[in-house]
Amino acid sequence: MIREMHAAIFDLDGVIVDTAKYHYLAWKRLANEMGFDFTETDNERLKGVSRTRSLEILLEIGGSTIDDAAKAKLADQKNSWYVDYISHMDVSEPLPGAAEYLQCIRAKNVKIALGSASKNAPLILERIGISSLFDAIVDGNKVSKAKPDPEVFLRAAEELNIAPTECVVFEDAEAGIEAAHRAGMSAVGIGNANVLKDAEIIIPGLFAFPITLPSE
Ligand code: G6P
Ligand code: MG
C-alpha cells in the first residue's frame, strides 16, 4: 500500500517525457557510422542504462572491441548528436498528464524531485518548460551508482529534506522500482504491469492521477 505522499520523486525518461526516441536516433547514427545496424528492439536494452554501459551494449551488438579512450570519444560523439536532438524539444513533449500531475501535487504542497541517470536532465526539463515545478533535481552528474542502487532516490529525499518513508517514486523500469524499495520508498509503476509487478500501484501514465493526496 502507498503511504501518505509528502514528496514525489520522478524518473525522467518514460515517466515525464519520451527521450528514448532521441537516444535511439543518436545511437543508431553511431552504429551506422561504424558499419552495423541498431534496431528499436536493441534500443529497449538501453532504457535506464548509463551512457557508458549503453555504449558497451552497442559495441557488443556490433561485435566491436576498442580501448577506453576510443570508447570515451564515441560516447562524446553520441552525446553531442543527442544534445542536438533534445535542444529542439519544446513544451509539447511532456507525456500526457505529466505536467498537469506535477502542477496538481505541487498546489497541494507535495515536494517534487527528479531522480534520473541522465546528465542532460536539466536541459530537457528546461526545454519542455517544467524546471520550475521541481524542488530538487538529482541527475547523472550527482550520483555514481546506477539503479537498482537506491543512491539517486536517497539523494533526492535528502535534498528535499523529507524522510525516505514519506517519498513516493514514479518509475517505468523494473530496476527503478527495486531502487525505490531499497531506499525504503513506495513505488508507482508507469507502464507494463508484467514488468512492474513489484510496484505498489501500476498505472498506464501520469494522466491516470493515481494518488489520494495528504490534504484530501
Ligand atoms: C536515462 C535513459 C538512458 C540513458 C541515461 C543516461 O536513464 O533511460 O537511456 O542512457 O539516462 O543519459 P545521458 O543523457 O546522461 O546520456
Ligand atoms: Mg525511465
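Notes on the structure follow. Computed from a predicted structure; not experimentally measured. (Residues numbered from 1 in each chain as written. Chains lettered and ligands numbered in written order. Predicted model: local features only at pLDDT ≥ 70, side-chain atom pairs only at ≥ 80, totals over all residues. Heavy atoms only, no water.)

Here helix α8 (residues 174-182) has its buried residues at Gly 176, Ile 177, Ala 179 and Ala 180. Summarising the axial view, the buried residues of α8 lie within an arc of 160 degrees, below the 170-degree limit, and thus occupy one face. Those residues of α8 that are buried lie in contact with α7 (151-160), β4 (167-171) and β5 (186-190). Positive phi appears at Gly 184, one or two residues downstream of α8, with a value of about 80 degrees. (Buried < 20%, exposed > 50% of the residue type's maximum accessible area, 1.4 Å probe, protein only. Helix = DSSP H or I, 4+ residues; strand = E, 2+ residues; numbered from the N terminus. Arc of directions from axis to C-beta. Contact = heavy atoms within 4.5 Å.)

Quick look at the coordination of the magnesium ion (ligand 2) now. Distances from the magnesium ion (ligand 2) to its protein donors, Asp 11 (OD), Asp 13 (O) and Asp 172 (OD), fall within 2.0 to 2.2 Å. Written as a sequence motif, the donor residues of the magnesium ion (ligand 2) are D-x1-D-x158-D. Of this pair, Asp 11 sits in the loop between β1 (7-10) and α1 (20-33) while Asp 172 sits in the loop between β4 and α8; the two residues are 161 residues apart in sequence, bridging distant segments of the chain. Residue Asp 172 is classed as partly exposed on the basis of its relative accessible area of 24%. (Donors = N, O, S within 2.8 Å, 3.2 Å for Na, K, Ca; no water.)

The subject of this paragraph is unusual backbone geometry. Here Lys 147 and Pro 148 are connected by a cis peptide whose omega angle stands at 20 degrees. Positive phi, close to 65 degrees, is recorded for Asn 161, a residue that is not glycine. The residue Asn 161 is located in the loop between α7 and β4 in this model. What makes Asn 161 exposed here is its relative accessible area of 70%.

Before going further, it helps to spend a moment on the sheet that holds β1. Spatially, the 6 strands line up as an open sheet ordered β3-β2-β1-β4-β5-β6, and their pairing is parallel. Whereas interior strands pair on both sides, the edge strands pair on one side only; in this sheet they are β3 (136-138) and β6 (201-203). Taken pair by pair, the neighbouring strands of this sheet meet at an average axis angle of 20 degrees, ignoring direction. Here 4 bridges tie β1 to strand β2 (residues 111-115), and the two strands are oriented parallel to one another. Residue pairing in the sheet places Ile 9 in a bridge with Ala 113 of β2. Packed on one face of the sheet, helix α5 (residues 98-107) meets β1, β2 and β4 and runs near 160 degrees to β1. (Pairing = 2+ DSSP bridges. Axes fitted to C-alpha atoms, helices over the stretch in contact; angles between N-to-C directions.)

Residues Ala 7 and Ile 9 point to one face of β1 and Ala 8 and Phe 10 to the other, with burial holding for every one of them. Where β1 meets β4, 4 bridges bridge the pair, whose relative direction is parallel. In the sheet register, Phe 10 faces β4, and the bridge partner there is Phe 170.

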